[in-house]
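Overview (structure and organization)
Residues per chain are reported as follows:
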Amino acid sequence: MTYPKQIETLLRSALQQTSISAELPENLDVQVGPATDSRFGDYQSNVAMVLAKRLKTNPRALAEEISKHFNPGELCEPAQIAGPGFINFRITASSLEAGLIAQINDSERLSLPKLSSEDCKKIVIDFSAPNIAKPMHVGHIRSTIIGDCLARVSRALGHNVITDNHIGDWGTQFGMIIYGWKNFLDQAALNKNPIEALLEIYKKVNDASKDDDAIRQACRDELVKLQQGDAENLSIWNQCVALSRNSLEKIYALLDVKFDHWLGESFYNDRLAPLVKKLKEDGLAEESDGALCIFFPDDPNLAERAPCMIQKRDGGFNYATTDIATIEYRSEEFCADEIWYVVGAEQKLHFDQIFAVAKKCDLDTSLDFIPFGSIMGKDGKRFKTRSGDTVSLTDVLDEAVERAGKIIAEKNPDLSASEMEEISRIIGIGSVKYAELSQNRLTNYIFDWDNMLSLKGNTAPYLINAYVRTRAIFRKLGHEFQGVDSIQLTETAEKSLALKLAQYAEAVPTVLTDFRPNLLANYLYELANTFHSFYEHCPVLRSEGDVRTTRLALCDTTSKVLKKGLGLLGIETTDRM
Ligand code: ARG
């Protein structure tokens, strides 16, 4: 159990012994969080202030009474009161020692608690989901990186996770692509770089059709033929999907992102007509201007907005239709308890609508929209190439690896060529991921190469470098850490580091509370800082006996927590750089 949870239990029993025990609210939230000022303690609770306000008594006096009854046992020092009525707790050296030993003996989970079986959920995570035959652009990076991190953290906690790449592989763009394929295809370019070639086709058709009704009509005809199962068009479509998937797989391999399924929009094609029929029969959908729509007159958020369209006037189906079919499929076939969608904030209305439809259909899967803001350039405008195009993800990743290579070559010119290549990839990709994950996902963040690749500050290179330092200690020592029987924490810097290490078990679960990977990133950053100040104050290899063993234990556990924690963010580590 984490320290705050243990303190909470003790606080509850203290509260039972106070004069207000009869007046305690039934599900009282006894919050224990990190202390705002570490001079007063490691953790603090404002429970006395909350209760005093409610019961209209003096908070400080109530805090005194609670702490008088607080029996800290071995866990912490006697509780201390600070300010208007905060109760502060300092974990004892002996608890920290026991905690560190437990963490050393649990090298797999490092004391990260596993969820109880009733708290384990089956969760489908819908993320990345680029539209194929168009290059994955840098906006998709946010979805891919955040979604992958949420999947890793959920799995580590014990949830049953299904990752599903709901690619946009069906839809109006294919009318244009097929028309272009038949009229403008450059086979050599296609062989060389399929995604670029498909984009070229798309652009050419787009330009050509601008003032040409005939071409626009021809594109629509190709789309209808595709939807009716025309063999030639289906074969072109299949080739486009295969080629795109191939290039996407390369990007995912570079990012180390894996999907259990790739059930794209086309997968649901056969389900759309029966679904629409059912929605109509059930009286949920009604005709409006020749189209079929779902209205939400009772929903204050949606009543005044445009309705959710599930069939166009020409009989075609919409993005929403596919997504409703997808929810049905995931809830019935996957038996999902929850579905999480990691998609840009601009699609909020769409998800509000389809979630409302799912509710009308009595699907009892819980649905979460996990939006994120935009990536901005240094100029404060949306991130674009110099020519104003959207930035392709491959270009970003290639540039990241190249820039990391230059920095590493400067830092450590003795590395072999193959080490250089491997380390540049780890640092380059890690930097892009960390820049994303260390931000609050809702803010628009500025894409800045110098910041994200800096060896100082809250960056991947800084954290990976902290890990490298821990590894260097054992290289110098000549062997790996060999375990301990007893630990003795005496210096403040040692205790602070042991406490930080124990807080790994607190930090990881917070990621899922509000889908915030940045909380884990911040924790790792604090851990690296705490390690550095420990390392400055406490010589490791120059110390002796039990002191040395204890310090080696701290270094080794720091090493493991950094590696595991970065791993949960999807970031690899390297032993040297
Ligand atoms: N393909 C969409 C896009 O690029 C994202 C799909 C998100 N997932 C979903 N089930 N709608 O904007």
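It should be emphasised that the depicted structure is a prediction, and the values quoted were computed from it without experimental measurement.

1. A closer look at the nonpolar core
In this structure, Leu150 and Leu569 are the most contacted members of the largest nonpolar core, which totals 152 residues. Not counting the four nearest positions on each side in its chain, Leu569 is found in contact with Cys149, Arg152, Lys433, Tyr434, Leu437, Pro517, Leu520, Ala521 and Leu524. Counting residues in hydrophobic clusters, the runner-up holds 35 residues, among them Cys308, Ala325, Tyr341 and Leu367.

2. A closer look at the sheet that holds strand 2 (residues 43-45)
Ordered by their spatial adjacency, four strands build an open sheet running 1-2-4-3, and the pairing between neighbours is antiparallel. The sheet is open, and its two edges are formed by strand 1 (32-34) and strand 3 (80-82), each paired on a single side. For this sheet the average axis-to-axis angle between neighbouring strands, irrespective of direction, equals 35°. By the bridge criterion, three bridges tie strand 1 to strand 2 in an arrangement that is antiparallel. When the sheet's bridge partners are listed, Gly33 is paired in strand 2 with Gln44.

3. Structural notes on the site of the ligand
Taken together, Asp126, Ala129, Asn131, His140, His166, Tyr319, Asp323, Tyr341, Val343, Gln347 and Phe351 make up all the residues around the ligand. When the ligand is considered free in solution it has 350 Å² of accessible area, and contact with the protein chains removes 89% of it. Taken together, the residues of the shell around the ligand break down into five nonpolar, four polar and two charged.

4. A closer look at the environment of Ser438
Tracing the backbone through its elements, the reader meets Ser438 in the loop between helix 15 (417-437) and strand 13 (445-446). C-alpha of Ser438 to C-alpha of Leu520: the two residues are 82 residues apart in sequence and 8.2 Å apart in space. Here Tyr434 takes part through its backbone oxygen, which lies 2.7 Å from a polar atom of the side chain of Ser438.

5. Points about the sheet that holds strand 6 (residues 160-164)
By definition, the strands of a sheet pair up through backbone hydrogen bonds, in either a parallel or an antiparallel sense. Read across the open sheet, the four strands follow the order 6-5-10-11; overall the sheet is parallel. The open sheet terminates on both sides in strands that have one partner only, identified here as strand 6 and strand 11 (366-370). The average undirected angle you get between the axes of adjacent strands in this sheet is 20°. Where strand 10 (residues 338-342) and strand 11 come together, five bridges link them in parallel fashion. Bridge assignment links Glu338 to a residue of strand 11, and that residue is Ser366.

6. Observations concerning the packing of helix 11 (residues 269-281) against helix 12 (residues 319-332)
Helix 12 packs onto helix 11 with a crossing angle of 90° between their chain directions and a minimal axis gap of 10 Å. Taken as axis vectors, helix 11 and helix 12 run roughly perpendicular relative to one another. The residues of helix 12 that touch helix 11, namely those facing Arg271, Leu272, Leu275, Val276 and Lys278, are Thr321, Thr322, Ile324, Ala325, Glu328 and Tyr329.

7. Overview of the pairing of strand 10
Counted residue by residue, strand 10 has five buried out of five residues, so it is predominantly covered. As defined by bridge partners, strand 5 (residues 122-126) adjoins strand 10 across four bridges and the pair is classed as parallel. Along strand 10, the bridge assignment pairs Ile123 with Glu338. Viewed along the sheet, the connection from strand 10 through helix 13 (residues 348-360) into strand 11 turns out right-handed.

8. Focus on a negative patch on the surface
There is a patch of like negative charges on the surface, built from Glu196, Glu200, Asp395 and Asp398. Listed by contribution, the elements that provide at least two residues to the negative patch are helix 8 (194-209) and helix 14 (393-411). With respect to the element layout, Asp398 can be found in helix 14. Look at Asp398 and you get partly exposed, because its relative accessible area is 44%.

About the criteria used
Counting restarts for each chain: residues are numbered from 1 in the order of the written sequence. With pLDDT at 70 or above as the cut-off, local features in this predicted model cover only qualifying residues; side-chain atom pairs require 80 or more to be listed or tallied, and sums for whole chains, interfaces and linings still use all residues. The basis for every side-chain value is the complete set of non-hydrogen atoms in the structure, without hydrogens or water. In this text, buried Ala, Val, Leu, Ile, Met, Phe, Trp, Tyr and Cys residues form a nonpolar core when linked through side-chain atoms within 4.5 Å. Burial classes follow relative accessibility: with a 1.4 Å probe on protein chains only, a residue under 20% of its type's maximum area counts as buried, one over 50% as exposed, and anything between as partly exposed. The criterion used for residue contact is that any of the two residues' heavy atoms lie within 4.5 Å. DSSP-based pairing: two strands are paired if at least 2 bridges between them are found. Secondary structure elements follow DSSP: runs of H or I no shorter than four residues count as helices, runs of E no shorter than two count as strands, and numbering proceeds from the N terminus. Think of each axis as a best-fit line through the C-alpha atoms, taken over the contacting stretch in the case of a helix, with angles from 0 to 180 degrees between the N-to-C directions. Residues are counted as near a molecule or strand when any one of their heavy atoms sits within 4 Å of it. Only the protein chains shown count as cover for residues, with accessible areas throughout obtained via the Shrake-Rupley method and a probe of 1.4 Å. Amino acids outside the nonpolar list (Ala, Val, Leu, Ile, Met, Phe, Trp, Tyr, Cys, Pro) and the charged list (Asp, Glu, Lys, Arg) are all regarded as polar, and Gly is one of them. By the criterion applied in these results, polar contacts are pairs of N or O atoms within 3.5 Å in which, for protein atoms, one can donate a hydrogen and the other can accept it, and in which residues neighboring in sequence qualify only through two side-chain atoms. Oblique is the label for any angle not covered by the other classes, which are roughly parallel (under 35 degrees), roughly antiparallel (over 145) and roughly perpendicular (65 to 115). By definition, the crossover connecting two strands over a helix is right-handed if that path, from the first strand to the second, turns clockwise as seen with the strands pointing away from the viewer. For patch detection, residues must exceed 30% relative accessible area and be free of salt bridges, and they are connected within 9 Å for like charges or within 5 Å for nonpolar side chains (Val, Leu, Ile, Met, Phe, Trp, Tyr). Salt bridges are defined by distance alone: a side-chain nitrogen of Lys or Arg within 4 Å of a carboxyl oxygen of Asp or Glu. Charge counting treats Lys and Arg as positive and Asp and Glu as negative, with His and both chain ends excluded. All charge positions are set by atom: Lys at NZ, Arg at CZ, Asp at CG, Glu at CD.

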